[in-house]
Amino acid sequence: MRRFYWLRPDEASNGDVSAAHKWGLPGIHCPTCGTTWADGSDAYPSVDLSALPEMREFEVSRPEPFAEFARLREIVRPLMPPGVPLEPGTEIGPLVGTASGTFTPLFMQNPWTLLALREALEQLQAEGLRGLKGCRTELRFRKKTPPELLELEIHPHGRLHDDCLPPDRKPPCETCGRQGFTRPEELLLDAASLPTHTDLFRLANWTTMIMATERFAETARRLDLNGVIFKELPLR
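Residues numbered from 1 in each chain as written. Predicted model: local features only at pLDDT ≥ 70, side-chain atom pairs only at ≥ 80, totals over all residues. Heavy atoms only, no water.

Another point: the side chain of Thr-90. As for its placement among the helices and strands, Thr-90 is situated in the loop between α1 (66-76) and β7 (91-100). Judged by relative accessible area, Thr-90 falls into the buried class, the value being 1%. For Thr-90, the side chain forms a polar contact with the main-chain oxygen of Glu-87, separated by 2.7 Å. (Helix = DSSP H or I, 4+ residues; strand = E, 2+ residues; numbered from the N terminus. Buried < 20%, exposed > 50% of the residue type's maximum accessible area, 1.4 Å probe, protein only. Polar contact = N/O pair within 3.5 Å; in protein donor to acceptor, adjacent residues only side chain to side chain.)

With that settled, consider the pattern of salt bridges. Enumeration over the complete set of coordinates arrives at 18 salt bridges. A salt bridge links Arg-62 to Glu-64, with the nearest nitrogen and oxygen atoms 2.8 Å apart. Neither residue differs from the other here; Arg-62 and Glu-64 are each classed as buried. For the salt bridge of Glu-153 with Lys-133, the shortest nitrogen-to-oxygen distance reads 3.9 Å. Taken together, the residues span a long stretch of sequence, with Glu-153 in the loop between β12 (149-152) and β13 (200-203) and Lys-133 in the loop between α2 (118-126) and β10 (134-135) at a distance of 20 residues. With a relative accessible area of 42%, Lys-133 lands in the partly exposed category. One network of salt bridges, in which partners are shared, links Arg-3, Glu-214 and Glu-232. (Salt bridge = Lys/Arg side-chain N within 4 Å of Asp/Glu carboxyl O.)

Along the chain, Glu-64 falls in strand β6 (residues 63-65). On the basis of relative accessibility, which here comes to 18%, the residue Glu-64 falls in the buried class. Polar contacts involving the side chain of Glu-64 include one to the side chain of Arg-62, which spans 2.8 Å. Apart from residues no more than four positions distant in its own chain, Glu-64 is found in contact with Pro-26, Gly-27, Ile-28, His-29 and Phe-69. (Contact = heavy atoms within 4.5 Å.)

Turning our attention to helix α3 (residues 214-222). Turning to α3, its buried residues number three or more, namely Phe-216, Ala-217, Thr-219 and Ala-220. Seen from one end, α3 has its buried residues packed into an arc of 165°, which puts them on one side. Here the buried face of α3 lies against β1 (4-9), β8 (106-110), α2, β13, β14 (206-213) and β15 (228-233). Asp-224 sits one or two residues past α3 and shows a positive phi near 60°. (Arc of directions from axis to C-beta.)

The sheet built from four strands is open, its strands ordered β8-β9-β12-β10 with antiparallel pairing. Of all the strands in the sheet, just β8 and β10 have a single pairing partner and so form its edges. Direction of pairing for strand β9 (residues 113-117) relative to β12: antiparallel, over a ladder of three bridges. Paired with Leu-117 across the two strands is Leu-149, which belongs to β12. Taken strand by strand, α2 contacts β8, β9, β10 and β12, and its axis lies near 95° from that of β9. (Pairing = 2+ DSSP bridges. Axes fitted to C-alpha atoms, helices over the stretch in contact; angles between N-to-C directions.)

Moving on to α2. Looking at α2, one finds that the buried residues are Ala-120, Leu-121 and Leu-124. Mapping the buried residues of α2 onto a view down its axis gives an arc of 100°, with all of them on the same face. Turned more than 90 degrees away from the buried face of α2, the exposed residues are Glu-119 and Ala-126. Those residues of α2 hidden inside the fold are in contact with β8, β9, β10, β12 and α3. A positive backbone phi angle near 85° is found at Gly-128, which sits one or two residues after α2.

It is worth stressing that arrangement in space is one thing and function is another; only the former is reported here.
Encoded structure:
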């Protein structure tokens, strides 16, 4: 049976990043469910909006009416990886900001953003791990010889199993797709939905959760690429 691991930040890491992606889709006020929200965990740092005439419309984070969000989403869709969901708050472009401290080979700015030193990423790629795409960052360091930190672009695949979700939950909003419940305490992965083509992904129905295959976890441990904690989750 395949084994999958949830990546969590290692509190022992003493690096620090204060940054945001250069562009993003706005949050929304949904006319159907009445909720104002933005996700912000799904990011596509490889996408460059600098040639768009409307580029500045993606620079300011703010809630918009759903129709305006939908208009902006269609402007960027041709530039995005095929098939990605593009929810309110989707972040685009490189991380821009400051960084300080000493970084472990793998580093999580937050539970949904994974960075790696270039040397560490190249080691993982040399081992034949699939789906590892490192993207440049625009992070400013005070030190004269800063490390090269890359952000991994992680696409959504796979799902939490329905059996671990609240049985009385309402269907997602028909307009904005929002799920109106919090993440369950006891997590269970839907085995049939999990990808076979990549060793790193985020869950499609809970994009704050970054997942890795057993191969990724074992390779990172063998190469002593620390900085994240791997928590195995059960399948059904």
